[in-house]
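One letter stands for each residue in the lines below.
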Amino acid sequence: MEGQDCIFCKIAAGDIPSKTIYEDEDFRVILDINPAEKGHALIIPKKHYADIFELPEDIAASAMVLAKKLATHISGVLGCDGFNIIQNNGEVAGQTVFHFHIHLLPRHKGDSNQDTMCWNHVELSPEELEGICQSLRLQG
Ligand code: 5GP
Ligand code: ZN
């Protein structure tokens, strides 16, 4: 699903016009077409990677540096009270465009996402918690 079939490949290449707020060799940053808040933007790598699992480490690293730069910039311009940085992988996790992207979501006190930007919680026994901790432990 890349090149001709991928909307973000076309947007990143400039073949489809977008509200671009930043561009460099590796990334284009655009305003979301269906924003959750004013200034909702998307960091899009110019090369096609479906999700974080396909993303090379150097692009992952520079994407996060860029997220910090843009979040700082947008926050300053819009006078944000807070900021969400969100990245979805897989349909079950809410991904709808299968070209890696990072959501930059400016937040203000009292904005329309106060009640929706939250997780439900699961109850885990101490044994389940210990089991999941053991199974997820990774050597640094
Ligand atoms: P996801 O759900 O995959 O994490 O997020 C996809 C995002 O891309 C959505 O917020 C959606 O509004 C945005 N989007 C989808 N198609 C387009 C498009 O053609 N142009 C722009 N600017 N945003 C898009
Ligand atoms: Zn693509």
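Draft legend 1. Spotlight on the site of ligand 1. Within the structure, ligand 1 sits among 16 residues, and D32, N88, G94, T96 and H103 are positioned closest to it. I33 is positioned such that a nitrogen or oxygen atom in its backbone is 3.2 Å from a nitrogen atom of ligand 1. Within the complex, 81% of the 520 Å² of free accessible area of ligand 1 lies under protein. Every element with two or more residues in the shell around ligand 1 is listed here: α1 (7-13) and β2 (27-31). Residue contributions to the shell around ligand 1 peak at 3 residues, all from α1. For the shell around ligand 1, a count of residues per class yields 8 nonpolar, 7 polar and 1 charged.

Draft legend 2. Representation of the sheet that holds strand β4 (residues 82-86) in the model. Read across the sheet, 5 strands follow the order β1-β2-β3-β5-β4 without closing on themselves; strand pairing throughout is antiparallel. Pairing within the sheet leaves two strands with one partner each, and these edge strands are β1 (20-23) and β4. Averaged over all neighbouring strand pairs, the angle between strand axes comes to 20°, with direction disregarded. Pairing of β2 with strand β3 (residues 41-45), which is carried by 5 bridges, proceeds in the antiparallel orientation.

Draft legend 3. View of the pairing of β3. Judged by how many residues are buried, β3 sits mostly within the fold: 5 of 5 residues are covered. Side chains of β3 alternate between two faces, with A41, I43 and P45 and L42 and I44 buried alike. Across 3 bridges, the pairing between β3 and strand β5 (residues 102-107) is antiparallel. Across the sheet, I43 pairs through a bridge with I102, a residue of β5.

Draft legend 4. The arrangement of the coordination of the zinc ion (ligand 2) in detail. All of the protein donors around the zinc ion (ligand 2) are C6 (SG), C9 (SG), H48 (ND1) and H99 (ND1); their distances to the metal are 2.1 to 2.3 Å. Mapping the donors of the zinc ion (ligand 2) onto the primary sequence yields the spacing C-x2-C-x38-H-x50-H. Placement of the pair is C6 in the segment before α1 and H48 in the loop between β3 and α2 (57-78), with a sequence separation of 42 residues. The class of C6 is buried, set by a relative accessible area of 3%.

Draft legend 5. Focus on the nonpolar core. Counting residues in each nonpolar core, the largest one holds 15 residues, and the members touching the most others are F27, V29, I43, L66, L70, I102 and L104. Put simply, the parts of the chain that give this core at least two residues each are β2, β3, α2 and β5. With 8 residues, the next largest nonpolar core counts I11, A12, I30 and L42 among its residues.

What counts as what
- Residues numbered from 1 in each chain as written.
- Chains lettered and ligands numbered in written order.
- Predicted model: local features only at pLDDT ≥ 70, side-chain atom pairs only at ≥ 80, totals over all residues.
- Heavy atoms only, no water.
- Near = heavy atom within 4 Å.
- Polar contact = N/O pair within 3.5 Å; in protein donor to acceptor, adjacent residues only side chain to side chain.
- Areas by Shrake-Rupley, 256 points an atom, 1.4 Å probe, with all protein chains shown as cover.
- Helix = DSSP H or I, 4+ residues; strand = E, 2+ residues; numbered from the N terminus.
- Nonpolar A, V, L, I, M, F, W, Y, C, P; charged D, E, K, R; others polar.
- Pairing = 2+ DSSP bridges.
- Axes fitted to C-alpha atoms, helices over the stretch in contact; angles between N-to-C directions.
- Buried < 20%, exposed > 50% of the residue type's maximum accessible area, 1.4 Å probe, protein only.
- Donors = N, O, S within 2.8 Å, 3.2 Å for Na, K, Ca; no water.
- Core = buried A, V, L, I, M, F, W, Y, C linked by side-chain atoms within 4.5 Å.

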